[in-house]
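As a plain string of letters, each chain reads:
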Amino acid sequence: MSSCKSTSTPVDTKPKLGVAAVSPYKDLTHYCSLAGSLQYLTFTRSDITYVVQQVCLFMHDPRVEHMNALKRIIRYIQGTLDYGLHLYPLSASTLASYTDANWGGCPDTRRFTSGYCMFLGDSLVSWSAKRQSVLSGSSVEAEYRGVANVVSESCWLRNLLLELHFPIHKATLVYCDNISVVYLSGNPVQHQRTKHIELDIHFVREKVARGQVRVLHVSFRYRIVDIFTKGLPSVLFEDFRDSLIV
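Numbering of residues begins from 1 in every chain and follows the order in which that chain's sequence is written. At least 70 in pLDDT is required for a residue's local features to be given in this predicted model, at least 80 for side-chain atom pairs to be given and counted, and no such filter applies to totals for whole chains, interfaces and linings, which use all residues. Side-chain calculation: all heavy atoms of the structure are included, whereas hydrogens and water are not.

S.K.: How should helix 7 (residues 234-243) be read in this particular structure?
M.R.: Residues that lie three or four places apart on an α-helix share one face, since the helix turns once every 3.6 residues. Taken residue by residue, helix 7 has Phe237, Phe240 and Arg241 as its buried positions. Burial along helix 7 is one-sided: seen end-on, the buried residues are contained in an arc of 105°. Contacts: residue pairs with any heavy atoms within 4.5 Å of one another. Helical segments are the DSSP runs of H or I of at least four residues, strand segments are the runs of E of at least two, and each set is numbered from the N terminus. Where the residues of helix 7 are buried, they touch helix 3 (64-78). Residue isoleucine 245 follows helix 7 closely and has a positive phi angle near 60°. Think of it in three bands: with a 1.4 Å probe and only protein chains considered, a residue is buried below 20% of the maximum accessible area for its type, exposed above 50%, and partly exposed in between. Each C-beta atom gives one direction from the helix axis, and the arc is the one those directions make.

S.K.: What is the right way to look at the environment of lysine 71 in this model?
M.R.: Secondary-structure assignment places lysine 71 in helix 3. As a C-alpha pair, lysine 71 and cysteine 4 span 67 residues in sequence and 9.8 Å in three-dimensional space.

S.K.: Where do I start with the sheet that holds strand 4 (residues 172-176) in this structure?
M.R.: In a beta sheet, neighbouring strands pair by backbone hydrogen bonds and run either parallel or antiparallel. Taken together, the five strands give an open sheet; going across it, the order is 3-2-1-4-5, and neighbouring strands pair in mixed fashion. The open sheet has two edge strands with one neighbour each: strand 3 (123-131) and strand 5 (213-217). The sheet shows a mean angle of 20° between the axes of neighbouring strands, taken without regard to direction. We treat two strands as partners when DSSP finds at least two bridges between them. In this structure, strand 4 lies alongside strand 5, joined through five bridges in parallel fashion. Pairing of leucine 173 across the sheet is with arginine 214, part of strand 5. For helices, the axis comes from a line fit to the C-alpha atoms of the stretch in contact; other axes are also lines fit to C-alpha atoms, and the angle between any two N-to-C directions lies between 0 and 180 degrees.

S.K.: Would you explain the pairing of strand 3 in this entry?
M.R.: Alignment of strand 2 (residues 113-120) against strand 3, held across eight bridges, turns out to be antiparallel. Across the sheet, the residue bridging to tyrosine 116 is serine 128, located in strand 3. In this antiparallel pair of consecutive strands, strand 2 and strand 3, the connection spans two residues, and glycine 121 shows a positive phi of 65°.

S.K.: What's the story with the side chain of arginine 45 in this structure? I'm lost.
M.R.: Mapped onto the elements of the fold, arginine 45 is located in the loop between helix 1 (28-41) and helix 2 (49-56). Polar side-chain contacts of arginine 45 include one of 2.9 Å to the side chain of threonine 80. Excluding its chain neighbours within four sequence positions, the residues that come into contact with arginine 45 are Tyr76, Thr80, Tyr83, Gly84 and Val246. Any N or O atom pair separated by 3.5 Å or less is treated as a polar contact, with the protein-specific requirement of one donor-capable and one acceptor-capable atom, and with residues adjacent in sequence counted only for side-chain atom pairs.

S.K.: How should I be thinking about the pattern of salt bridges in this particular structure?
M.R.: When the charged atoms of two side chains lie near each other, side chains of opposite charge can form a pair. Any Lys or Arg side-chain nitrogen located within 4 Å of an Asp or Glu carboxyl oxygen qualifies as a salt bridge. Applying the stated criterion across every chain yields a total of seven salt bridges. Note that aspartate 47 is salt-bridged to arginine 45, the shortest N-O span being 3.0 Å. Considered together, aspartate 47 and arginine 45 belong to a single accessibility category, that of buried residues. Residue aspartate 226 pairs with lysine 230 through a salt bridge whose shortest N-O separation is 3.4 Å.

S.K.: Is there a simple way to explain the nonpolar core in this structure?
M.R.: Burial of nonpolar side chains together is a common tendency in soluble globular proteins. One finds Ile73, Tyr98, Cys117, Phe228 and Leu244 to be the most contacted residues of the largest nonpolar core, which totals 36 residues. Among the secondary structure elements, those contributing two or more residues to this core are helix 1, helix 2, helix 3, strand 1 (95-102), strand 2, strand 3 and helix 7. It is helix 3 that provides the largest number of residues to this core, a total of six residues. For phenylalanine 228, the residues in contact, after removing those within four places along its chain, are Ser46, Thr49, Tyr50, Thr113, Gly115, Tyr116, Cys117, Trp127, Ser128, Ala129 and Leu244. Buried Ala, Val, Leu, Ile, Met, Phe, Trp, Tyr and Cys residues form a nonpolar core when they are joined through side-chain atoms within 4.5 Å. One finds Val147, Cys155, Val174 and Val204 within the second-largest nonpolar core, a separate group that totals 23 residues.

S.K.: Please clarify how the packing of aromatic side chains should be interpreted in this entry.
M.R.: The relative placement of two aromatic rings is captured by the distance of their centres and the angle of their planes. To pair, rings of Phe, Tyr and Trp, with the six-membered ring standing in for Trp, must have centres within 6.5 Å; the planes then decide the type, stacked if under 30 degrees apart, edge-to-face if over 60, and tilted in the middle. A full pass over the atoms with the stated rule returns five aromatic pairs. With a centroid separation of 6.5 Å and 55° between ring planes, the pair formed by tyrosine 25 and tyrosine 31 is classed as tilted. With a centroid separation of 5.9 Å and 85° between ring planes, the pair formed by tyrosine 40 and phenylalanine 43 is classed as edge-to-face. Phenylalanine 43 shares its class with tyrosine 40; the two are exposed. These aromatic residues form a ring-pair network of at least three members: Tyr98, Phe119 and Tyr175.

S.K.: I keep staring at the side chain of threonine 9 and nothing clicks. Help me out?
M.R.: With respect to the helices and strands, the residue threonine 9 is situated in the segment before helix 1. Residue class for threonine 9 comes out buried when judged on its relative accessible area of 4%. Polar contacts involving the side chain of threonine 9 include one to the main-chain carbonyl oxygen of valine 11, which spans 3.2 Å. A distance of 2.8 Å separates polar atoms of two side chains, one belonging to threonine 9 and the other to arginine 72. Apart from residues no more than four positions distant in its own chain, threonine 9 is found in contact with Arg72, Tyr76, Leu232, Pro233, Ser234 and Phe237.

In C-alpha coordinates form, the structure reads like this:
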(Lines give C-alpha, C1' and ligand atoms only; values in the text may rest on other atoms or scores of the structure.)
Protein backbone atom coordinates (compact mmCIF):
# COMPACT_ATOMS: atom_id res chain seq x y z
CA MET A 1 0.00 0.00 0.00
CA SER A 2 2.99 2.34 -0.41
CA SER A 3 1.24 4.12 -3.30
CA CYS A 4 -2.32 3.98 -1.95
CA LYS A 5 -4.67 6.95 -1.94
CA SER A 6 -4.64 8.77 1.41
CA THR A 7 -7.63 9.70 3.60
CA SER A 8 -8.15 12.75 5.80
CA THR A 9 -9.15 10.75 8.89
CA PRO A 10 -8.14 7.30 10.18
CA VAL A 11 -11.72 6.29 11.02
CA ASP A 12 -15.16 7.21 9.72
CA THR A 13 -18.09 8.48 11.77
CA LYS A 14 -20.06 5.24 11.60
CA PRO A 15 -20.76 3.20 14.77
CA LYS A 16 -17.93 1.22 16.31
CA LEU A 17 -16.70 -2.07 14.90
CA GLY A 18 -18.43 -5.20 16.15
CA VAL A 19 -18.44 -8.97 15.79
CA ALA A 20 -21.53 -8.98 13.57
CA ALA A 21 -19.42 -8.94 10.42
CA VAL A 22 -19.93 -12.22 8.54
CA SER A 23 -16.84 -12.83 6.43
CA PRO A 24 -13.76 -13.86 8.45
CA TYR A 25 -10.34 -12.60 7.41
CA LYS A 26 -8.32 -15.67 6.53
CA ASP A 27 -4.77 -14.49 7.27
CA LEU A 28 -4.80 -14.05 11.07
CA THR A 29 -1.01 -13.63 11.27
CA HIS A 30 -1.04 -10.80 8.74
CA TYR A 31 -3.78 -8.95 10.60
CA CYS A 32 -2.05 -9.32 13.99
CA SER A 33 1.29 -8.21 12.54
CA LEU A 34 -0.16 -5.02 11.10
CA ALA A 35 -2.20 -4.22 14.22
CA GLY A 36 0.82 -4.82 16.43
CA SER A 37 2.97 -2.51 14.33
CA LEU A 38 0.35 0.22 14.58
CA GLN A 39 0.35 -0.15 18.36
CA TYR A 40 4.01 0.87 18.39
CA LEU A 41 3.21 3.84 16.20
CA THR A 42 0.73 5.19 18.77
CA PHE A 43 3.73 6.03 21.01
CA THR A 44 4.26 9.13 18.87
CA ARG A 45 0.98 9.36 16.96
CA SER A 46 -1.79 10.01 19.47
CA ASP A 47 -4.20 10.83 16.63
CA ILE A 48 -4.59 7.13 15.72
CA THR A 49 -4.86 5.81 19.29
CA TYR A 50 -8.63 5.35 19.23
CA VAL A 51 -8.95 3.47 15.95
CA VAL A 52 -5.91 1.28 16.68
CA GLN A 53 -7.52 0.32 19.96
CA GLN A 54 -10.66 -0.61 18.03
CA VAL A 55 -8.95 -2.89 15.50
CA CYS A 56 -6.88 -4.55 18.25
CA LEU A 57 -10.08 -5.71 19.97
CA PHE A 58 -10.54 -8.30 17.20
CA MET A 59 -7.05 -9.72 16.87
CA HIS A 60 -8.35 -13.12 18.05
CA ASP A 61 -10.97 -13.36 15.29
CA PRO A 62 -10.68 -10.61 12.66
CA ARG A 63 -13.24 -10.10 9.91
CA VAL A 64 -12.95 -8.50 6.51
CA GLU A 65 -14.65 -5.38 7.89
CA HIS A 66 -11.97 -5.10 10.56
CA MET A 67 -9.22 -5.47 7.95
CA ASN A 68 -10.78 -2.71 5.88
CA ALA A 69 -10.71 -0.46 8.97
CA LEU A 70 -7.05 -1.34 9.46
CA LYS A 71 -6.26 -0.50 5.83
CA ARG A 72 -7.93 2.87 6.29
CA ILE A 73 -5.48 3.64 9.10
CA ILE A 74 -2.60 2.85 6.76
CA ARG A 75 -4.10 5.09 4.07
CA TYR A 76 -4.34 7.90 6.62
CA ILE A 77 -0.72 7.38 7.67
CA GLN A 78 0.33 7.44 4.00
CA GLY A 79 -0.89 11.04 3.80
CA THR A 80 0.65 12.10 7.11
CA LEU A 81 4.08 10.45 7.03
CA ASP A 82 5.80 13.57 8.36
CA TYR A 83 3.47 13.90 11.37
CA GLY A 84 4.50 13.10 14.91
CA LEU A 85 4.36 14.26 18.51
CA HIS A 86 6.12 17.59 19.11
CA LEU A 87 7.53 18.44 22.53
CA TYR A 88 8.91 21.89 23.25
CA PRO A 89 11.38 23.00 25.96
CA LEU A 90 9.58 25.24 28.41
CA SER A 91 9.22 25.88 32.11
CA ALA A 92 5.93 24.08 32.70
CA SER A 93 4.36 24.19 36.14
CA THR A 94 0.85 22.91 35.45
CA LEU A 95 -0.78 19.60 34.64
CA ALA A 96 -4.05 19.70 32.74
CA SER A 97 -6.06 16.74 31.49
CA TYR A 98 -9.20 16.11 29.46
CA THR A 99 -11.38 13.05 29.86
CA ASP A 100 -14.45 11.63 28.16
CA ALA A 101 -16.40 8.38 27.99
CA ASN A 102 -18.58 7.11 25.16
CA TRP A 103 -21.29 5.45 27.25
CA GLY A 104 -22.72 2.21 25.84
CA GLY A 105 -20.67 2.65 22.68
CA CYS A 106 -19.72 -0.99 22.07
CA PRO A 107 -22.43 -2.50 19.79
CA ASP A 108 -21.84 -6.01 21.18
CA THR A 109 -21.36 -5.60 24.95
CA ARG A 110 -22.52 -1.99 25.48
CA ARG A 111 -19.38 -1.30 27.46
CA PHE A 112 -18.05 2.22 27.23
CA THR A 113 -14.84 3.49 25.74
CA SER A 114 -12.99 5.98 27.90
CA GLY A 115 -10.20 8.27 26.81
CA TYR A 116 -8.01 10.94 28.26
CA CYS A 117 -5.08 13.16 27.38
CA MET A 118 -2.75 14.98 29.75
CA PHE A 119 -0.65 18.07 29.13
CA LEU A 120 2.42 19.24 31.02
CA GLY A 121 2.28 22.90 30.15
CA ASP A 122 1.59 22.88 26.39
CA SER A 123 3.15 19.46 25.74
CA LEU A 124 1.11 16.26 25.49
CA VAL A 125 2.74 13.70 27.81
CA SER A 126 0.11 11.00 28.36
CA TRP A 127 -2.97 9.71 26.53
CA SER A 128 -5.17 6.64 26.41
CA ALA A 129 -8.18 5.10 24.68
CA LYS A 130 -9.56 1.93 26.23
CA ARG A 131 -12.77 -0.06 26.27
CA GLN A 132 -13.62 -0.69 29.89
CA SER A 133 -14.20 -4.15 31.33
CA VAL A 134 -17.41 -3.26 33.21
CA LEU A 135 -20.84 -1.96 32.29
CA SER A 136 -22.12 1.36 33.60
CA GLY A 137 -25.75 2.03 34.41
CA SER A 138 -25.62 5.68 33.35
CA SER A 139 -23.47 8.16 31.51
CA VAL A 140 -22.54 9.75 34.85
CA GLU A 141 -21.07 6.46 36.07
CA ALA A 142 -19.10 6.05 32.86
CA GLU A 143 -17.82 9.62 32.93
CA TYR A 144 -16.87 9.41 36.60
CA ARG A 145 -14.91 6.21 36.04
CA GLY A 146 -13.08 8.04 33.28
CA VAL A 147 -12.28 10.90 35.69
CA ALA A 148 -10.99 8.39 38.27
CA ASN A 149 -8.69 6.87 35.62
CA VAL A 150 -7.15 10.20 34.68
CA VAL A 151 -6.79 11.25 38.33
CA SER A 152 -4.91 8.02 38.99
CA GLU A 153 -2.63 8.73 36.03
CA SER A 154 -2.04 12.28 37.23
CA CYS A 155 -1.02 11.04 40.70
CA TRP A 156 1.56 8.73 39.12
CA LEU A 157 2.87 11.52 36.89
CA ARG A 158 3.12 13.98 39.79
CA ASN A 159 5.15 11.44 41.78
CA LEU A 160 7.40 10.81 38.79
CA LEU A 161 8.06 14.53 38.37
CA LEU A 162 8.78 14.79 42.10
CA GLU A 163 11.44 12.08 41.80
CA LEU A 164 12.93 14.04 38.89
CA HIS A 165 13.15 17.11 41.19
CA PHE A 166 10.45 18.89 39.22
CA PRO A 167 7.51 18.99 41.65
CA ILE A 168 4.11 20.29 40.55
CA HIS A 169 2.69 22.49 43.31
CA LYS A 170 -0.54 23.50 41.59
CA ALA A 171 -3.59 21.26 41.45
CA THR A 172 -4.06 19.07 38.38
CA LEU A 173 -6.94 20.39 36.28
CA VAL A 174 -9.30 17.68 35.03
CA TYR A 175 -11.74 18.85 32.36
CA CYS A 176 -14.95 16.89 31.84
CA ASP A 177 -18.05 17.69 29.78
CA ASN A 178 -20.53 16.22 32.30
CA ILE A 179 -21.73 18.79 34.84
CA SER A 180 -23.07 16.09 37.20
CA VAL A 181 -19.58 14.58 37.46
CA VAL A 182 -18.15 18.01 38.32
CA TYR A 183 -20.69 18.39 41.15
CA LEU A 184 -20.11 14.87 42.46
CA SER A 185 -16.35 15.40 42.69
CA GLY A 186 -16.81 18.09 45.34
CA ASN A 187 -20.05 17.02 47.03
CA PRO A 188 -19.46 15.01 50.24
CA VAL A 189 -23.03 13.65 50.23
CA GLN A 190 -23.29 10.07 48.98
CA HIS A 191 -26.13 9.38 46.54
CA GLN A 192 -27.96 6.11 46.00
CA ARG A 193 -27.22 6.22 42.27
CA THR A 194 -23.47 6.34 42.88
CA LYS A 195 -23.17 3.18 44.99
CA HIS A 196 -21.72 1.21 42.04
CA ILE A 197 -18.77 3.60 41.77
CA GLU A 198 -18.32 4.26 45.49
CA LEU A 199 -14.56 3.58 45.47
CA ASP A 200 -14.02 5.94 42.55
CA ILE A 201 -16.15 8.57 44.29
CA HIS A 202 -14.05 8.49 47.47
CA PHE A 203 -10.77 8.34 45.56
CA VAL A 204 -11.47 11.47 43.49
CA ARG A 205 -13.03 13.38 46.38
CA GLU A 206 -9.98 12.73 48.56
CA LYS A 207 -7.67 14.18 45.90
CA VAL A 208 -9.98 17.18 45.48
CA ALA A 209 -10.13 17.76 49.24
CA ARG A 210 -6.32 17.67 49.45
CA GLY A 211 -6.07 20.28 46.73
CA GLN A 212 -4.24 17.98 44.33
CA VAL A 213 -7.04 17.87 41.74
CA ARG A 214 -9.73 20.22 40.46
CA VAL A 215 -12.52 18.84 38.27
CA LEU A 216 -13.90 21.47 35.90
CA HIS A 217 -16.49 21.60 33.15
CA VAL A 218 -15.39 22.06 29.56
CA SER A 219 -17.54 23.28 26.68
CA PHE A 220 -18.06 21.35 23.45
CA ARG A 221 -15.62 23.55 21.57
CA TYR A 222 -12.70 22.34 23.69
CA ARG A 223 -13.58 18.64 23.98
CA ILE A 224 -10.37 17.58 22.27
CA VAL A 225 -10.50 14.22 24.04
CA ASP A 226 -13.34 13.18 21.70
CA ILE A 227 -10.57 12.15 19.30
CA PHE A 228 -9.88 9.22 21.70
CA THR A 229 -13.47 7.95 22.04
CA LYS A 230 -15.24 8.24 18.68
CA GLY A 231 -14.92 8.85 14.97
CA LEU A 232 -15.06 12.53 14.03
CA PRO A 233 -15.72 14.55 10.85
CA SER A 234 -12.53 15.62 9.10
CA VAL A 235 -12.77 19.32 10.05
CA LEU A 236 -13.25 18.56 13.75
CA PHE A 237 -10.65 15.81 13.67
CA GLU A 238 -7.99 18.07 12.18
CA ASP A 239 -8.78 20.81 14.70
CA PHE A 240 -8.42 18.45 17.67
CA ARG A 241 -5.30 16.86 16.16
CA ASP A 242 -3.66 20.30 16.04
CA SER A 243 -4.61 20.77 19.72
CA LEU A 244 -2.65 17.59 20.52
CA ILE A 245 0.48 19.13 18.93
CA VAL A 246 0.62 16.40 16.28
